Amino acid sequence: MARIAALVASGAIVLGGVVLTAAPASAAGCEWFGTHGSAGHNGAIVRCVGIGRFKAVADCERIDNGYRYAHYGPIAADGGTSTVWCDLGAVVKHATGGHV
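Reading the values: the criteria
Residues numbered from 1 in each chain as written. Predicted model: local features only at pLDDT ≥ 70, side-chain atom pairs only at ≥ 80, totals over all residues. Heavy atoms only, no water. Helix = DSSP H or I, 4+ residues; strand = E, 2+ residues; numbered from the N terminus. Buried < 20%, exposed > 50% of the residue type's maximum accessible area, 1.4 Å probe, protein only. Contact = heavy atoms within 4.5 Å. Areas by Shrake-Rupley, 256 points an atom, 1.4 Å probe, with all protein chains shown as cover. Core = buried A, V, L, I, M, F, W, Y, C linked by side-chain atoms within 4.5 Å. pLDDT = per-residue confidence, 0-100. Salt bridge = Lys/Arg side-chain N within 4 Å of Asp/Glu carboxyl O. Pairing = 2+ DSSP bridges. Axes fitted to C-alpha atoms, helices over the stretch in contact; angles between N-to-C directions.

*Asks:* What is the right way to look at the overall build of the chain in this model?
*Replies:* From N to C terminus, the chain includes one helix and eight strands. Ordering the α and β elements of the chain from the N terminus gives α-β-β-β-β-β-β-β-β. Out of the 100 residues belonging to the chain, those deemed buried represent 22%. At a minimum sequence separation of 6, the contacts of the chain that also span at least 24 residues come to 54%. Entry remark: accessible area of the chain is about 6400 Å², with carbon and sulfur atoms responsible for 60%.

Now the structure itself:
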């Protein structure tokens, strides 16, 4: 019973032997997911929470020569999403949100 109380107090939930943890309410940060456009473009959908208004920033790399560059998405509200696209023939190596 003490173990269950400790898990509940820590914000962890055990379901079928898998421990799921909840992030603290004050956690701030960004996560991104890759996406593909209809013309073959690669992009990233970035969601940020707790940093205020932000815009997506993608680290793009060209497939043919390895050249790396940054592309930026539109400004989004805290908790929303901003989508950024790389040029045709490039991939997203990493993405995040930049506070504006």
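*Asks:* Teacher, can you tell me more about the nonpolar core here?
*Replies:* Across soluble globular proteins, you tend to see nonpolar side chains buried next to one another. In this structure, Val46, Cys86 and Val92 are the most contacted members of the largest nonpolar core, which totals 14 residues. Of all the secondary-structure elements, those providing two or more residues to this core are strand E4 (42-49), strand E5 (54-62), strand E6 (68-76) and strand E8 (90-99). If one sorts the elements of this core by residue count, E5 sits on top with four residues. Excluding its chain neighbours within four sequence positions, the residues that come into contact with Val92 are Trp32, Asn42, Gly43, Ala44, Ala58, Asp59 and Cys86.

*Asks:* Help me understand the confidence of the model for the chain, please; the structure alone is not making it clear to me.
*Replies:* Do not read the predicted coordinates in detail wherever pLDDT is low. Here the chain averages 81 in pLDDT, and 74% of its residues register 70 or above. Note that pLDDT drops below 50 for residues 1-26; the model gives that stretch 13 contacts with residues more than four away or on any other chain.

*Asks:* Is there a simple way to think about the pattern of salt bridges in this case?
*Replies:* Between side chains of opposite charge, pairing is possible as soon as their charged atoms come close. Under the criterion given, the structure shown has three salt bridges. The shortest N-O distance in the salt bridge between Arg62 and Asp64 comes to 2.5 Å. Judged by its relative accessible area of 32%, Arg62 is partly exposed.

*Asks:* Mind showing me how you'd approach the sheet that holds strand E7 (residues 81-85) here?
*Replies:* Pairing between sheet strands relies on hydrogen bonds along the backbone, with the strands arranged either parallel or antiparallel. Spatially, E3-E4-E7 is the arrangement adopted by the three strands of the open sheet, whose pairing is antiparallel. Both edges of this open sheet fall to strand E3 (29-36) and E7, since each of them pairs with a single strand only. This sheet shows a mean twist of 25° between the axes of neighbouring strands, independent of strand direction. Judged from the five bridges that link them, E4 and E7 form a sheet pairing that is antiparallel.

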